[in-house]
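Structural overview for review
Next come the chains, spelled out residue by residue.
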Amino acid sequence: MKIAIFGTVGAGKSSISQELSERLNYEIFPEPIDENPYFEDYYKDIKAYAFRMQIFMLTARSKQLFAAKDLKNKIFDRTIIEDPIFMNVGHKMGNVDDMDYKTYCDFFQYVVSENLKYPNDRLKFDLVVYLKVSDETSIRRINERGRSAELSIDNEYWKILNESYEEYYQEHKNDFPFLVIDANNNNLDEKVEEVIRNIEKIKKEI
Ligand SMILES: Nc1ncnc2c1ncn2[C@@H]1O[C@H](COP(=O)(O)OP(=O)(O)OP(=O)(O)O)[C@@H](O)[C@H]1O
């Protein structure tokens, strides 16, 4: 079973991924944040670092998909399908110009996606759990967690990111097996149980 956890920053992906991994004994592939050399600089100057950050992210997530390819059961704490959402925010906010945005989108579509589809589709998930939160929840959790780089940026960024996540979902809801969860509540058990119920249902259908 290949599970993707999908959602904006502060949606609670890490906690739910961790808990699911423990309860189901599935291997977890976390967000590659600790080893990200662009993380701090990106938040200081998005215009200068957007492209480099995206190339790093696409590479890190492709590596994860490659490392996971022979594992039967796995959980991805965010996946490569979400990275273009960040580039889209950069473009919307004027941090990425039209030409760079087009180059990135073409690269993603014709190089990244195409190569991940063959010989067997690494972009195929059994379940994509969309942890949907309000702007208020996302921003509150980012503030509570207090990662200094993230605190340096205007709240407008988090609002546009959340809006872009929802736009992505509306556009692609028939392309992936989405399960949408209201992740505003802090009851982890409730959310995890809802995901597990769905996993059990899918297992029966396979
Ligand atoms: N493609 C990307 N472009 C720019 N920034 C990215 C990208 N992918 C991840 N990030 C950044 O990496 C950081 C880690 O992501 P995030 O905080 O969502 O992970 P998390 O802590 O696991 O999430 P959650 O709060 O849902 O558990 C965030 O600051 C996020 O904005």
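Everything numeric here is computed off the predicted structure, so don't read it as measured data. The residue numbering used here restarts from 1 in each chain and proceeds along that chain's sequence as written. The predicted nature of this model means local features are confined to residues of pLDDT at least 70 and side-chain atom pairs, given and counted, to a pLDDT of 80 or more, with totals for whole chains, interfaces and linings taken over all residues. In computing side-chain properties, one takes all heavy atoms of the structure into account and sets aside hydrogens as well as water.

What to know about the UniProt feature "binding site: substrate" (unreviewed entry) in the protein
Per the UniProt annotation, the sites labelled "binding site: substrate" (unreviewed entry) are Glu31, Tyr43, Gln54, Arg78, Asp83 and Glu150. Runs of H or I in DSSP of at least four residues are treated as helices and runs of E of at least two as strands, each being numbered from the N terminus. The topology assignment puts Arg78 in the loop between strand E3 (74-77) and helix H4 (83-92). Taking relative accessible area as the criterion, Arg78 reaches 4% and is therefore assigned buried. Apart from residues no more than four positions distant in its own chain, Arg78 is found in contact with Ile5, Gly7, Thr8, Val9, Lys13, Glu31, Arg61, Phe86 and Tyr165. In this fold, Asp83 is placed in helix H4. Taking the relative accessible area as the measure of exposure, Asp83 reaches 1% and is therefore buried. Asp83 has contacts with Gln54, Met57, Leu58, Arg61 and Tyr104, leaving out every residue within four places of it along the chain. At 2.6 Å, the side chain of Asp83 forms a polar contact with the side chain of Arg61. UniProt positions are given in the numbering used here, feature names are shortened, and annotations may be inferred rather than shown by experiment. Think of it in three bands: with a 1.4 Å probe and only protein chains considered, a residue is buried below 20% of the maximum accessible area for its type, exposed above 50%, and partly exposed in between. Here, residues are in contact when the closest pair of their heavy atoms is within 4.5 Å. Each polar contact in these results corresponds to two N or O atoms within 3.5 Å; when the atoms are within protein, one needs to be able to donate a hydrogen and the other to accept it, and residues that are neighboring in sequence are counted only if both atoms are side-chain atoms.

Details of the site of the ligand
Within the structure, the ligand sits among 23 residues, and Lys13, Ser14, Tyr43, Asp83 and Glu150 are positioned closest to it. Here Ala11 contributes a backbone N or O atom positioned 3.3 Å from an oxygen atom of the ligand. We get accessible surface area from the Shrake-Rupley algorithm with a probe of 1.4 Å; when it comes to residues, only the shown protein chains can shield them. Protein burial of the ligand: of its 620 Å² of free accessible surface, 97% is covered by the chains. Among the elements of the structure, helix H1 (13-24), helix H2 (39-44), helix H3 (46-67) and H4 are those that each provide at least two residues to the shell around the ligand. Ranked by the residues each element gives to the shell around the ligand, the list is headed by H3, at four residues. Only Asp, Glu, Lys and Arg are considered charged, only Ala, Val, Leu, Ile, Met, Phe, Trp, Tyr, Cys and Pro nonpolar, and every remaining residue, Gly among them, polar. Across the shell around the ligand, the residue classes tally to nine nonpolar, five polar and nine charged. Neighbouring residues are identified by heavy atoms, a residue being near a molecule or strand if any of them is within 4 Å of it.

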